Amino acid sequence: MWTADEIARLCYEHYGSKLPKQGKPEPNREWTLLAAVVKIQPTADQACDHSDGRVQVTKEVVSMGTGTKCIGQSKMRKSGDILNDSHAEVIARRSFQRYLLHQLHLAAALKEDSIFLPGSQRGLWKLKPDLLFVFFSSHTPCGDASIIPMLEFEDQPCCPVSRDWASNPSVETSDNLEAPEDKRKCEDPESPVTKKMRLEPRTPGGTAHRQSFGSQERGPNPPDVSSSNLTAEELASVTGMTPSGAQVVDVYRTGAKCVPGEAGDSGQPGAAYHRVGLLRVKPGRGDRTRSMSCSDKLARWNILGCQGALLMHFLEEPIYLSAVVIGKCPYSQEAMQRALIRRCQNVSALPEGFGVQEVKIQQSDLLFEQSRRAVQTRKADSPGRLVPCGAAISWSAVPEQPLDVTANGFPQGTTKKGIGRLQARSRISKVELFRSFQKLLSSISEDKWPDSLRKWQQRPAKSFFIQQWGSQGVAGHSYEEAAACLRHRVSCSPCRCPPAIHGQFACFLSGKISQIGTGWVAIHSMP
């Protein structure tokens with residue numbers, strides 16, 4: 001049907017041909033990350049199917065994002081006109097929501113080329129049969145999925161642990177560890193000192209064998225490796241031995257920090273440095289961020305869907321990813337399975353249609369040409385420091401203005417004086433996605449609105465915006481019921497969060513939910 005290398009190659013070609021030079025890394029000085037959503041659909045002429053039974057499919061990139069940055073909490077705005085998180089995975093998902101909004105416009109206009117068909121209830125739509133979406137990322141998601149076992153025969157890329165930081169992980173690392181450049185080398189799995197890129201043998205088809213340590217006899221685990229209810233196999237993926245007998249002596253580090261209010265990393269040297277399965281926030285330089293790690297966000301999407309609450313008003317079922325493909329980079333199938341699926345498997349009592357998905361996870365052998373490792377190889381002995389690209393690019397398969405290039409959360413080139421104006425909004429910002437939702441509503445006669453929206457017919461848009469973005473949500477809406485179910489399973493103390501950004505973050509770990517803020521349902525309405 002498709003292979004991981006086919007998905008990666010398609011995304012790399014799309015990046016080269018469809019994305020502009022503006023916003024891409026400066027040659028031999030900058031690097032970036034890439035993510036995309038690919039639509040997979042059987043060909044109309046099934047007579048073209050292979051004789052071996054494989055189904056012929058068409059593959060199309062419908063959204064793409066690049067980026068490595070996120071803003072600090074002091075720069076977040078309650079107006080929703082800034083991008084808080086510009087990591088590639090998040091940009092790609094927002095761009096995907098923009099694509100879905102356009103497809104709903106086509107469906108409402110009864111256009112046959114829409115991906116949606118009328119559902120069984122008034123005003124609701126469903127995906128066409130046999131259509132699925134694959135998520136691609138050029139690197140493992142930051143956070144839990146990037147805590148990868150390192151074997152004894154591999155070169156160790158990590159610098160010595162600062163005991164001051166280990167005893168006080170809440171302190172910003174830029175003040176207590178080595179210089180920022182050295183810190184990046186320690187925490188980035190694609191550091192030039194990282195020599196061994198693969199942790200598992202590969203099959204001829206290009207996918208990685210899943211590591212399994214369940215049959216190995218193990219001694220006691222080092223203390224404080226995990227505060228989650230992980231299986232013995234999962235613990236062994238960090239501290240045990242491989243089936244071949246190779247000792248796991250360390251882990252690739254993630255820069256994402258444990259959320260305040262939860263147990264932190266132990267900071268112990270070697271394999272016990274990180275606790276696995278925990279919620280994490282993306283690191284900041286001085287100004288702390290409130291953006292959850294991409295591992296946590298992908299885990300959330302794997303339960304609630306990628307569409308968000310606004311679009312869920314028009315859908316019979318959530319839109320889930322069928323597969324996740326990772327480009328060539330340090331990788332562990334066990335870590336990916338744990339971060340995206342297994343730590344959430346105890347979540348239950350969700351509304352009909354919602355659930356933890358057994359998403360297919362594969363890795364490609366193809367390296368992204370503008371990844372840190374690829375650029376470092378080309379750079380060789382050239383002078384100057386290699387830095388992450390400060391810009392982010394969004395692309396959606398929509399007819400009008402598909403591209404969006406941003407920096408620091410605003411369209412590139414925005415001045416301080418221009419902030420707050422219409423021209424200073426990214427097309428995938430919360431407020432602009434809400435404006436697109438309003439346009440969709442205005443294109444549909446009110447008697448054809450779904451029941452969950454009919455109660456808002458006489459209310460002003462601002463009221464609807466506040467209710468959807470605030471802590472109340474829409475009573476009876478299935479997405480809100482699913483979110484409420486998750487909120488009720490909170491087992492850790494919520495972090496204190498400024499009112500301007502309340503309700504923006506929630507994630508899952510080991511079948512439990514943790515929350516930052518007081519009105520978590522906000523995230524699904526204004527992605």
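Since the model is a prediction, treat every value here as computed from it, not as a measurement. (Residues numbered from 1 in each chain as written. Predicted model: local features only at pLDDT ≥ 70, side-chain atom pairs only at ≥ 80, totals over all residues. Heavy atoms only, no water.)

Student: How would you summarise unusual backbone geometry if you had to cite specific residues and measurements?
Tutor: Located in the positive-phi region is Asn 28, a residue other than glycine, with phi close to 60 degrees. With respect to the helices and strands, the residue Asn 28 is situated in the loop between α1 (4-18) and β1 (30-31). For Asn 28, a relative accessible area of 39% puts it in the partly exposed group. (Helix = DSSP H or I, 4+ residues; strand = E, 2+ residues; numbered from the N terminus. Buried < 20%, exposed > 50% of the residue type's maximum accessible area, 1.4 Å probe, protein only.)

Student: Please set out the environment of Gly 65 residue by residue, giving values where relevant.
Tutor: Among the structural elements, Gly 65 can be located in strand β3 (residues 57-66). The spacing of Gly 65 and Ala 35 is 30 residues in sequence and 5.3 Å in space, taken between C-alpha atoms. Discounting residues that sit within four places of it in the chain, Gly 65 has contacts with Leu 33, Leu 34, Ala 35, Ala 88, Ile 91, Ala 92 and Ile 393. (Contact = heavy atoms within 4.5 Å.)

Student: Summarise the packing of helix α2 (residues 88-108) against helix α11 (residues 430-442); cite the residues concerned and give the values.
Tutor: At their nearest, the axes of α2 and α11 sit 10 Å apart, and the two run at 10 degrees to each other. Classed by the angle they form, the pair α2 and α11 counts as roughly parallel. Along the contact surface, α2 presents Arg 94, Gln 97, Arg 98, Leu 101, Leu 104 and His 105, while α11 presents Lys 430, Leu 433, Ser 436, Phe 437, Lys 439 and Leu 440. (Axes fitted to C-alpha atoms, helices over the stretch in contact; angles between N-to-C directions. Parallel < 35°, antiparallel > 145°, perpendicular 65-115°, else oblique.)

Student: Explain helix α7 (residues 294-304) to me, and be specific about the residues and the numbers.
Tutor: With eleven of its eleven residues buried, α7 lies for the most part within the structure. Residues of α7 that are buried: Cys 294, Ser 295, Asp 296, Lys 297, Leu 298, Ala 299, Arg 300, Trp 301, Asn 302, Ile 303 and Leu 304. In the stretch just after α7, Gly 305 is the one whose phi turns positive, near 90 degrees.

Student: Which residues make up the confidence of the model for the chain, and what values go with them?
Tutor: Summing up the model confidence of the chain, the mean pLDDT is 75 and the portion of residues at 70 or higher is 68%. Counting interchain partners and residues more than four positions distant, the pLDDT-below-50 stretch residues 155-239 has 202 contacts. This model gives residues 490-527 a pLDDT under 50, and the stretch forms 138 contacts once residues within four places in sequence are excluded. (pLDDT = per-residue confidence, 0-100.)

Student: Can you explain the nonpolar core? Please cite residues and give values.
Tutor: Membership of the largest hydrophobic core comes to 87 residues, with the highest contact counts inside it found for Ile 7, Met 64, Phe 96, Phe 116, Phe 133, Phe 135 and Phe 314. Those residues within four positions of Phe 314 in sequence are excluded, and the remaining contacts are Leu 104, Gly 123, Leu 124, Trp 125, Phe 437, Leu 440, Leu 441, Ile 444, Pro 450 and Leu 453. (Core = buried A, V, L, I, M, F, W, Y, C linked by side-chain atoms within 4.5 Å.)

Student: Summarise the sheet that holds strand β14 (residues 360-363); cite the residues concerned and give the values.
Tutor: One open sheet holds the eight strands; their spatial order is β14-β13-β8-β2-β3-β16-β17-β18, and the pairing between them is mixed. Only two strands of the sheet have a single partner each, and these edge strands are β14 and β18 (410-411). In terms of strand pairing, β3 meets strand β16 (residues 391-396) through three bridges, oriented antiparallel. Paired with Gly 65 across the strands is Ser 394, a residue of β16. Along the sheet, α1 contacts β2 (34-42), β3, β8 (132-137), β13 (323-326), β14, β16 and β17 (403-407); its crossing angle with β3, the most-contacted strand, is approximately 55 degrees. (Pairing = 2+ DSSP bridges.)

Student: Summarise the pairing of β2; cite the residues concerned and give the values.
Tutor: Each regular strand displays side chains that alternate between the two surfaces of the sheet. Within β2, seven of the nine residues are buried, leaving the element largely enclosed by the surrounding structure. Summarising the sheet, β2 and β3 pair through nine bridges and their orientation is antiparallel. Its bridge partner being in β3, Lys 39 is matched across the sheet by Glu 60. The sheet contact formed by β2 and β8 spans six bridges and is antiparallel. Bridge assignment links Ala 35 to a residue of β8, and that residue is Ser 137.

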